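# What the coordinates show
Now for the letters of each chain:
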Amino acid sequence: MRFATALRPLAHKTFRRQFTAQAVSMTGTALAPVAMTFGVLNVTGSAAALSLVLASYSLPQLALMVVGGVWADRLPRHRVMMTTDAARFLAQTTFGICLLTGHAPILALMALQVLNGVASAFNAPARLGLTKATAPPGMFQQASALLAVTNDVTTSIGPLIAGVLAVSIGPGWALVIDGGTYLGSSLLLSSLRLPSSQRTRGRFGEDVREGWQEVRKRTWLWTSVAYFSLFNLVYAIFVVLGPAQLHSKHGSALQWGVVVAAMSIGSLCGNALALRLTTRYLLRWPRAMQFAAIPLIVALALNAPSPVLTGAAFLMGLVISFPDALWYTALQQEVPGPALSRVSSFDMLGSTAGRPLGYALAAVLLRIGSATSLLAVAAVFFLATAATLAVRDTRNLARAPAVELDPEEDSAVVA
């Protein structure tokens, strides 16, 4: 695929407006972790307080993800995202002002992050359905890859910018800027005018069950979500045991930083590759590629030299990011539009649920030894990847025929 063709979704006004809105909000989101960490530590001087603030965001986000999926299928999705971005503007701006004024009671900071987490739980499931409505037919993979590339870029440079802001003008101002990006995103989304579509109208419990049935009746879907959950569990263990394995070496912190940087560059390249490379089978080859995440885990266990670790880290980043756009293409292609946000919420919940368990399990595995545990984790991941490829529906899910569309046409109107 030519590069110009890969960028074709940006020629459509509706997707371009969504892309711009999400690029703006992603930039602010990338500032938040560093700014919030140092801001809370500066004001409270307590790592325990920081833990409570972070948990106040993540727990409601996980608990309400499915609820957010139901409402994103009931209401216009861009309106859901616009409203939640406005809520996040309020939460992050107020948080930043609390840090700037020095009046930052821990309960107030926790309450603001509860609001932020709730808003994120409603925002995330709406995103996939909105992209289906704004991207031109036949270009959903490229549209998803463009959003992912933007996320990679902002995630890579955001922490550096946040660090500079925290040192120069203070972490409070960085969070005020973060809030401002959500306001900008909300205003951009408010100008979208999308055609009306069928919405769910049942009782809440019925809507949840219908969404779950959409997952259950597709073997490729529920087995993949189970695989993603295990993948995230393995990844959580890896990010704890990896540094632990390097800790005894001279310059271990720098070496781990290089590994993480190489993974980030690999992730960016993987999403860029998804812009140009299409496969007939949406899950077969991307899933097979994920075997290539194993060399880094084994290399760490065997204390491989830095060049080997760096190359393996780049490869891991490449092969874990490239499949994402094809996965979202499979969901968009196979799941009915009115149920897409609910299915997406189950996907997100199932995928992320493994991480907290992985962090807890890593503490136990450290007692066994990081090298032995890393090898065991690599073996489990190999078996899980082989098992998911053994599922016929996963191997044989094919891409639908491309739909030709005039680049000047649009599926919606932008005011």
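In what follows, the structure referred to is the one given above.
So, here is what we can say about the structure in this document. Just so it is clear, the model here is predicted, and its values are computed rather than measured. (Residues numbered from 1 in each chain as written. Predicted model: local features only at pLDDT ≥ 70, side-chain atom pairs only at ≥ 80, totals over all residues. Heavy atoms only, no water.)

## Remarks on the overall build of the chain
In terms of regular secondary structure, the chain is built from 17 helices and two strands. Relative to the globule expectation of 22 Å for 415 residues, the C-alpha radius of gyration of the chain, 21 Å, shows essentially globular dimensions. Structurally, the chain occupies a C-alpha span of about 60 × 55 × 45 Å along its principal axes. Taking all 415 residues of the chain together, 50% fall into the buried category. When contacts within the chain are restricted to residue pairs at least 6 apart in sequence, those whose partners lie at least 24 apart make up 89%. Roughly 18,000 Å² of accessible area belongs to the chain as shown, and the carbon and sulfur atoms make up 68% of that amount. Each charge sign in the chain was given a centre, from 30 positive and 17 negative side chains, and these centres are 4 Å apart. (Helix = DSSP H or I, 4+ residues; strand = E, 2+ residues; numbered from the N terminus. Rg over C-alpha atoms; globule rule 2.2 N^0.38 Å. Buried < 20%, exposed > 50% of the residue type's maximum accessible area, 1.4 Å probe, protein only. Contact = heavy atoms within 4.5 Å. Areas by Shrake-Rupley, 256 points an atom, 1.4 Å probe, with all protein chains shown as cover. Lys, Arg positive; Asp, Glu negative; His and termini not counted. Charge placed at Lys NZ, Arg CZ, Asp CG, Glu CD.)

## Concerning empty space enclosed by the protein
Across all of its chains, the model carries one cavity of 30 Å³ or more by this definition. By volume, the largest cavity amounts to about 50 Å³. Around the largest cavity sit Phe231, Val234, Tyr235, Phe238, Ala293, Ile297, Met316 and Phe381, which together line it. Residue contributions to the lining of the largest cavity peak at four residues, all from helix 10 (residues 219-246). Residues that form the lining of the largest cavity fall into these classes: eight nonpolar, no polar and no charged. (1 Å grid on protein atoms, 1.4 Å probe; cavity = no way out; pocket = protein on both sides within 12 Å on 5 of 7 lines; lining within 4 Å. Points joined across faces, edges and corners; volume = space filled by probe spheres on them. Nonpolar A, V, L, I, M, F, W, Y, C, P; charged D, E, K, R; others polar.)

## Some details on unusual backbone geometry
Phi is positive for asparagine 303, which is not a glycine, with a value near 55°. Note that asparagine 303 resides in the loop between helix 13 (294-301) and helix 14 (306-334).

## Some thoughts on the packing of aromatic side chains
The geometry of an aromatic ring pair is captured by two quantities: the separation of the ring centres and the angle between the planes. Tallying each qualifying case throughout the model produces 10 aromatic pairs. With a centroid separation of 4.9 Å and 90° between ring planes, the pair formed by phenylalanine 228 and tryptophan 327 is classed as edge-to-face. On the criterion of sequence distance, the pair formed by phenylalanine 228 in helix 10 and tryptophan 327 in helix 14 is long-range, its members being 99 residues apart. Of the two residues examined, phenylalanine 228 and tryptophan 327, each falls in the buried class. Ring geometry for tyrosine 235 against phenylalanine 238: centres 5.9 Å apart, planes inclined by 45°, an arrangement best described as tilted. Taken as a pair, tyrosine 235 and phenylalanine 238 lie in helix 10 at a separation of three residues, close to a single helical turn. Among the residues examined, phenylalanine 238 registers a relative accessible area of 1% and is labelled buried. Joined through ring pairs, the aromatic side chains of Trp220, Tyr227, Phe228, Phe231, Trp327 and Phe381 make up one cluster. When the ring centre of tryptophan 71 is taken as origin, the NZ or CZ atom of arginine 74, which lies over that ring, is 4.9 Å away. (Phe/Tyr/Trp six-rings, centres within 6.5 Å; stacked < 30°, edge-to-face > 60°. Lys NZ or Arg CZ within 6 Å of the ring centre and 35° of its normal.)

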